[in-house]
Amino acid sequence: MSSVPAQATPRRAATADPPPLYRVDDLEAEARRRLDPVHRDFFAGGAGDERTLRANETAFDGYRILPRVLRGGGERDLRIELFGETLPMPVLVSPTAFHRLAHPQGEVATARAVGAAGTVMVVSMAATTPIEAVAGAADPPARLWFQLYPQPDLGFTASVIRRAEAAGCRALVVTVDSPVFGRRDRDLRNGFLDLPPGCRCENMRDPESGRVRDIVMDATLDWARIEWLRETTRLPIVLKGILHPADARLAVEHGVDAVLVSNHGGRQLDGAPASVDALPAVVAAVGGRIPVLLDGGIRRGTDILAALALGAVAVGIGRPVVWALAARGEPGVRQLLDLLRAELARAMTLAGAVRPADLTREMILDRVPV
Ligand SMILES: Cc1cc2nc3c(=O)[nH]c(=O)nc-3n(C[C@H](O)[C@H](O)[C@H](O)COP(=O)(O)O)c2cc1C
Ligand SMILES: CCCCCCC(=O)C(=O)O
């Protein structure tokens, strides 16, 4: 008679159920096996020596969470309020380009998973599915925000904003850390220049000519353009790519509705600080006048907890979504969001917080050497 090991993995039924997911990083390993190496490098890579890319993740090792005990509270309530809406958890999907390089269903699969989770998907201007199709894809519908690289052609920029508004996007995320494209050695070495046939940045289609325009990184971008955007749309505006506290103050003065502390996942200025290291000074500069969000290096529920305790209202995830999509399609992104929600709830329970608002600055010990 054969014995059954105490920790036997349950035999899975022969259905399309994805295998269990134990940690976010498992998705990366799985995705790496599936992806074309050139596309894998595009998704994984950063600028220059990838110092900032590495720092985004390792910086979280330097924070220690000081838990409170005997606080009771029962079930955790992860909901947050943002722009007058209640989100089920403080985790958003940050904009990432070219989802159809990760999975044939691309942004449609991502939107369906985000719709099921009830949180926000920030759709990239460089999406490979038109915003209208992303908006129509999910049931329940995903809450969509639209990410914009302001183009030098103001008429075209306004037409893209109108498309996003008409598709039901509820905020405009303006990326301000990209006056020029970061120098990404991996892509240069791989000669990654073009999307495969049939795969295009559909949000760049010119309404008059029908031609798909190239995305221009505009080095003339300045605060006057933010004023123009403020006059051009009534959507809440989020500035993405703020690291300096003085810029956070200027954002408030220019009527911006939120700032997203981000270094673009280490893909723009190599040598910039880890997002989480830049967060406290930005939070102090903003002084509660507008919400502060953060992305970069979030891989665990404890990372989310640390960012919230340091003053972020919510966090964004970039690469984990791409890995989940490449590894397992829509079910993978669902699993990813479920896992992060469960990890955050457990971390909050262990730290004695019932709601995100219970997470306070004193619960994080000052940065410890790593
Ligand atoms: C493959 C990839 C594509 C990205 N595309 C965009 C984009 O189109 N627009 C944008 O504002 N940021 C883009 N980003 C940056 C992300 O929005 C986000 O800031 C970053 O990925 C967060 O770091 P993380 O990957 O460690 O979560 C991209 C990042 C990656 C990795
Ligand atoms: C010129 C193509 C623009 C794609 C931008 C995607 C992006 O932001 C990234 O980090 O990659």
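In this report, the structure presented in the accompanying data block is examined.

**What about the nonpolar core?**
Then, number 1: In terms of nonpolar packing, the biggest core is built from 102 residues, with F146, L239, V259 and L294 touching the most fellow members.
Then, number 2: Setting aside chain neighbours within four positions, we find V259 in contact with V238, L239, I242, A251, V282, V286, I290, P291, V292 and L293.
Then, number 3: Judged by nonpolar contacts, the second largest core, of 14 residues, contains W145, A171, V173 and A314.

**Re empty space enclosed by the protein**
Then, number 1: Under the criterion given, the structure shown has three cavities of 30 Å³ or more.
Then, number 2: For the largest cavity, the calculated volume is near 50 Å³.
Then, number 3: Along its surface, the largest cavity is lined by L92, V93, S94, V122, L260, L293, L294, A314, V315 and G316.
Then, number 4: The set of elements that each furnish at least two residues to the lining of the largest cavity consists of β4 (91–93), β10 (292–295) and β11 (314–317).

**Some points on the site of ligand 2**
Then, number 1: The local shell around ligand 2 consists of F42, A97, A126, Y149, F181, R184, M217, H264 and R267.
Then, number 2: The separation between an oxygen atom of ligand 2 and a polar side-chain atom of Y149 is 2.3 Å.
Then, number 3: Coverage of ligand 2 by the protein amounts to 81% of the 340 Å² it exposes when considered alone.
Then, number 4: Of the pockets mapped on this structure, ligand 2 occupies the largest pocket.
Then, number 5: Across the shell around ligand 2, the residue classes break down as six nonpolar, one polar and two charged.

**Brief notes about the site of ligand 1**
Then, number 1: Near ligand 1 there are 23 residues, and of these P95, S124, T175, D295 and R299 occur at the shortest range.
Then, number 2: The separation between a nitrogen atom of ligand 1 and a polar side-chain atom of K240 is 2.9 Å.
Then, number 3: In this structure, an oxygen atom belonging to ligand 1 sits 2.9 Å away from a main-chain N or O atom of R319.
Then, number 4: Protein burial of ligand 1: of its 600 Å² of free accessible surface, 98% is covered by the chains.
Then, number 5: The site holding ligand 1 turns out to be the largest pocket.
Then, number 6: Breaking the shell around ligand 1 down by element, the ones donating at least two residues are α2 (37–44) and α13 (319–351).
Then, number 7: Residue composition of the shell around ligand 1, by class: seven nonpolar, 11 polar and five charged.

Reading guide: rules and limits
Residue positions are given per chain, counting from 1 as you read along its sequence in written order. Going through the entries in the order they are written, you letter the chains from A and number the ligands from 1. Local features in this predicted model are restricted to residues of pLDDT 70 or higher, and side-chain atom pairs are both shown and tallied only at a pLDDT of 80 or more, whereas totals for entire chains, interfaces and linings draw on every residue. As a convention, hydrogens and water are excluded, and side-chain values are obtained from all of the structure's heavy atoms. For this analysis, a nonpolar core means a set of buried residues of the types Ala, Val, Leu, Ile, Met, Phe, Trp, Tyr and Cys, connected via side-chain atoms within 4.5 Å. The buried label applies to any residue whose accessible area, calculated with a 1.4 Å probe on protein chains only, is under 20% of its type's maximum; exposed applies above 50%, and partly exposed to all values in between. In what follows, a contact means two residues having at least one pair of non-hydrogen atoms within 4.5 Å. A 1.4 Å probe that fits into a set of points on a 1 Å grid over the protein atoms alone but cannot get out defines a cavity; an open set with protein on both sides within 12 Å along at least five of seven lines defines a pocket, and lining residues are those with an atom within 4 Å of a point. Grid points are joined across faces, edges and corners, and a volume is the space filled by probe spheres set on the points. Strands here mean DSSP runs of E at least two residues long; helices mean DSSP runs of H or I at least four residues long; both are numbered from the N terminus. Any residue with a non-hydrogen atom lying within 4 Å of a molecule or strand is treated as near it. N or O atoms within 3.5 Å of each other form a polar contact, as long as, within protein, one can give a hydrogen and the other can take it, and as long as residues adjacent in sequence are counted only when both atoms are side-chain atoms. Surface accessibility follows the Shrake-Rupley procedure with a 1.4 Å probe radius. Residue values consider only the protein chains on display as shielding. A cavity or pocket is said to hold a molecule if more than half of that molecule's atoms lie within 2 Å of its grid points. Amino acid classes used here: Ala, Val, Leu, Ile, Met, Phe, Trp, Tyr, Cys and Pro are nonpolar; Asp, Glu, Lys and Arg are charged; the rest, including Gly, are polar.

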